[in-house]
Structures are given as C-alpha cells and as structure tokens.
Amino acid sequence: MDVLIHVFVALHIIGIAALLGGFLTQMKAMGAGTARFVPAMLHGALTMLVTGVALVGLNQADDNPVNNIKIGIKLLLLVVILALVYIKRDEEQVDKGAFAAVGGLTLANIFIATLWT
C-alpha cells in the first residue's frame, strides 16, 4: 500500500507542476494583458483532483491519519481554480485578476500542503 500511496503522491506533484508551470509560462503575457489558460493548467488541476481524492482514500484505507479540515480547504481552493480555468479555457485573453487569482490560489494550495502539519 505504501508504494501505491507514493505513486499517487508523485502523480499529485506532477499535477501541481503542470498547473504552476502553465501559470509561470504566461507571467510575461499577463504583464502585457494577453495571458491565457493553457491546457496544461487544466490537465494539471484535474490530475491534482483525481490523485488527491485517491490519496485521501488510500490513506484512510491504510489507517493513516487524515486532517479533514486541511483536505477540505485544499479541495475548496482546487475547485475554485478548476472552475476559473475550465470556464475561461477557450478565451484568447484572460483578465489579469482571474489569472492572478489562479496563481495565488495555486501557491496557497502548495503552502497549505507543505506548511500545515
């Protein structure tokens, strides 16, 4: 079970890398007002959602403690990120506020995951 949990953690990290990487590649475009949500951001967020749900289930099945408040907050942030990216995924230009919100929420999710013990 530990190997499976570690595989899903690795996939979860790949998802966050795709989401954050997509955001960072559009930072220069955001300054010019031409930023858009790239497909990697949507796919990364979906990967995070699927692997995160799987991780909670696997950890509970393995009798590992799960902080449900922390997971709930992270899930809420991810749902907002997914909603913003999904709704505006086909737009050629995304307003700076929505784009910055996705980046800020992504960073908040990372810091919650790593600093909240």
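Residues numbered from 1 in each chain as written. Predicted model: local features only at pLDDT ≥ 70, side-chain atom pairs only at ≥ 80, totals over all residues. Heavy atoms only, no water.

Undergrad: Just to check I follow, could you spell out helix α3 (residues 39-61) for this structure?
TA: Because each turn of an α-helix spans 3.6 residues, side chains separated by three or four positions end up pointing in the same direction. With 23 residues, α3 extends 33 Å between its outermost C-alpha atoms, agreeing within 8% with the 33 Å of an ideal straight helix rising 1.5 Å per residue. Every buried residue of α3 is listed here: Met41, Leu42, Gly44, Ala45, Met48, Thr51, Leu55, Leu58 and Asn59. Buried positions along α3 lie against α1 (2-25), α4 (68-87) and α5 (96-115). Phi turns positive one or two residues past the end of α3, at Asp63, with a value near 60°. (Helix = DSSP H or I, 4+ residues; strand = E, 2+ residues; numbered from the N terminus. Expected span 1.5 Å × (residues − 1). Buried < 20%, exposed > 50% of the residue type's maximum accessible area, 1.4 Å probe, protein only. Contact = heavy atoms within 4.5 Å.)

Undergrad: Would you take a moment to explain the environment of Met1 for this structure?
TA: With respect to the helices and strands, the residue Met1 is situated in the segment before α1. As a C-alpha pair, Met1 and Leu58 span 57 residues in sequence and 7.7 Å in three-dimensional space. Excluding residues within four positions of it along the chain, Met1 makes contact with Leu58, Ala61 and Asp62.

Undergrad: I'm lost on the packing of aromatic side chains in this one. Help?
TA: Both the distance between ring centres and the angle between the ring planes are used here to describe each pair of aromatic rings. Applying the stated criterion across every chain yields a total of 2 aromatic pairs. On the numbers, 5.0 Å between centres and 20° between planes, the contact of Phe23 with Phe99 is stacked. Of the two residues, Phe23 is situated in helix α1 and Phe99 in helix α5; the sequence distance between them amounts to 76 residues. Across the pair, Phe99 and Phe23 agree in class, each one buried. Ring centres of Phe37 and Phe99 lie 5.4 Å apart, and the angle between their planes is 25°; this geometry places the pair in the stacked category. Linking Phe37 in the loop between α2 (27-32) and α3 with Phe99 in helix α5, this pair joins segments that are 62 residues apart in sequence. Given a relative accessible area of 0%, Phe99 falls into the buried group. The rings of Phe23, Phe37 and Phe99 are connected pair by pair, giving a single aromatic cluster. (Phe/Tyr/Trp six-rings, centres within 6.5 Å; stacked < 30°, edge-to-face > 60°.)

Undergrad: For this particular structure, what's the right way to read the side chain of His12?
TA: Mapped onto the elements of the fold, His12 is located in helix α1. What makes His12 buried here is its relative accessible area of 19%.

Undergrad: What am I meant to see in the packing of α1 against α5 here?
TA: Angle between the axes and distance between the axes are the two parameters that describe a pair of packed helices. Taken N-terminus to C-terminus, the directions of α1 and α5 make an angle of 145°; their axes are 10 Å apart at the nearest point. Every pair of crossing elements has a handedness; the one defined by α1 and α5 is left-handed. In this structure, α1 uses Ile16, Leu19, Leu20 and Phe23 to contact α5, whose residues at the interface are Phe99, Ala100, Val102, Gly103, Thr106, Leu107 and Ile110. Of the residues that constitute the contact of α1 with α5, the class distribution is 9 nonpolar, 2 polar and no charged. (Axes fitted to C-alpha atoms, helices over the stretch in contact; angles between N-to-C directions. Left-handed = near helix turned anticlockwise from the far one by under 90°. Nonpolar A, V, L, I, M, F, W, Y, C, P; charged D, E, K, R; others polar.)

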